[in-house]
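Report on the structure
Each chain, written out:
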Amino acid sequence: MNRNSKIYRHFIEYQRKNFPKWLFYHNIWHVEYVINKAALIAKSENVTGRTLKLVKIAALTHDIGHTVQRQNHEEIGCQLVKKELPNFGITTSEIDQICSMIMATKIPQSPQNRLDTIVADADLSYLGTPQFINQSALLFKEMNHFNNKLLIEEWDMIQIDFIGKHHYHTRFCIEHYEALKLRHLLKLKKKYGV
């Protein structure tokens, strides 16, 4: 996505100003990361032109609902983009596609089509990258904001369960991230003898 485009500047600035300070994981860095991964995965899936733009907009706005609240932030994000995107020449049917991609990131993920799978996989691609340890620590810190009694051991068990149930949808992520994701899982399991 062109970092100078009006859409990008509008939504990045909105999120920068309105994301709560305790969003250690769901922050601007994560938004940028998902935009970049979504573009990479989309290109591998031969998604181009206007459709690629829609994928990037969905990645840009997939966590915008966090500016309002954590629960059901995907639905809230869809309400926000439905209100704002017409101002940027995005049609109703395109907004529906964008909302479908945003909703595909809701846990547990259930993407409905090829574009959904791209954004869903981009959102959780970090599970199979060297950034997993750092990003997991940031997510733990964020979760601790809501439950300061959450212990790292409990968090690791949540991670073991989550990664064990997770699967990538796109060929690109299966080829590039699945093996390392499983190594991360194995390392966590070994730590606890499970």
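Relevant structure appears above.
What counts and what doesn't
Residues numbered from 1 in each chain as written. Predicted model: local features only at pLDDT ≥ 70, side-chain atom pairs only at ≥ 80, totals over all residues. Heavy atoms only, no water. Helix = DSSP H or I, 4+ residues; strand = E, 2+ residues; numbered from the N terminus. Rg over C-alpha atoms; globule rule 2.2 N^0.38 Å. Buried < 20%, exposed > 50% of the residue type's maximum accessible area, 1.4 Å probe, protein only. Contact = heavy atoms within 4.5 Å. Axes fitted to C-alpha atoms, helices over the stretch in contact; angles between N-to-C directions. Parallel < 35°, antiparallel > 145°, perpendicular 65-115°, else oblique. Left-handed = near helix turned anticlockwise from the far one by under 90°. Nonpolar A, V, L, I, M, F, W, Y, C, P; charged D, E, K, R; others polar. Lys, Arg positive; Asp, Glu negative; His and termini not counted. Salt bridge = Lys/Arg side-chain N within 4 Å of Asp/Glu carboxyl O. Polar contact = N/O pair within 3.5 Å; in protein donor to acceptor, adjacent residues only side chain to side chain.

**A short note on the overall build of the protein**
Helix and strand counts for the protein stand at ten helices and zero strands. When the helices and strands of the protein are listed from N to C terminus, the series reads α-α-α-α-α-α-α-α-α-α. Here the protein has a C-alpha radius of gyration of 17 Å; the compact-globule value for 194 residues is 16 Å, and the two agree. Expressed along its principal axes, the backbone C-alpha trace of the protein runs to roughly 55 × 35 × 25 Å. For the protein, the proportion of its 194 residues judged to be buried stands at 50%. Looking at the protein alone, contacts between residues at least 24 apart form 67% of all its contacts between residues at least 6 apart.

**Concerning the environment of serine 100**
Mapping serine 100 onto the fold places it in helix α5 (residues 92-103). For serine 100, a relative accessible area of 23% corresponds to the partly exposed category. In sequence terms serine 100 and alanine 58 are 42 residues apart; their C-alpha atoms lie 8.7 Å from each other.

**Let's talk about the packing of helix α1 (residues 6-18) against helix α3 (residues 49-61)**
Where α1 meets α3, the closest approach of the two axes is 10 Å, and the angle between their N-to-C directions is 10°. Taken together, α1 and α3 sit at an angle that is classed as roughly parallel. The element α1 and its partner α3 pack so that their crossing is left-handed. Together, Ile7, Tyr8, Phe11, Ile12 and Gln15 of α1 and Lys53, Ile57, Leu60 and Thr61 of α3 make up the contact between the two elements. Looking at the contact of α1 with α3 residue by residue, the class counts come to six nonpolar, two polar and one charged.

**Side note on the side chain of glutamate 45**
With respect to the helices and strands, the residue glutamate 45 is situated in the loop between α2 (28-44) and α3. Buried charged residue glutamate 45 carries no salt bridge. Nearest counter-charge: arginine 114, at 4.2 Å. In contact with glutamate 45, other than residues within four places in its own chain, are Arg114, Ile118, Thr170 and Arg171.

**Examining helix α6 (residues 114-124)**
Taking burial as the measure, the eleven residues of α6 include ten buried ones, the bulk of the element. Along α6, the positions that sit buried rather than exposed are Leu115, Asp116, Thr117, Ile118, Val119, Ala120, Asp121, Ala122, Asp123 and Leu124. Looking at the buried side of α6, the elements it contacts are α2, α3, α5, α8 (152-165) and α9 (171-176). One side-chain oxygen at the N-terminal end of α6 lies 3.1 Å from the backbone nitrogen of leucine 115; it belongs to asparagine 113.

**Side note on the environment of isoleucine 90**
Mapped onto the elements of the fold, isoleucine 90 is located in the loop between α4 (73-84) and α5. C-alpha of isoleucine 90 to C-alpha of leucine 54: the two residues are 36 residues apart in sequence and 8.9 Å apart in space. Here isoleucine 90 is in contact with Ile7, Arg50, Ile57, Leu85, Ile95 and Ile98, once residues within four sequence places are set aside.

**Some remarks on the packing of α3 against α6**
Where α3 contacts α6, the two axes come as close as 10 Å, and the packing angle between them is 40°. Classed by the angle they form, the pair α3 and α6 counts as oblique. Regarding α3 and α6, the two cross each other, and that crossing is right-handed. Contacts between α3 and α6 involve Thr51, Val55 and Ala58 on the former and, on the latter, Leu115, Ile118 and Val119. The class makeup of the residues in the contact of α3 with α6 is five nonpolar, one polar and no charged.

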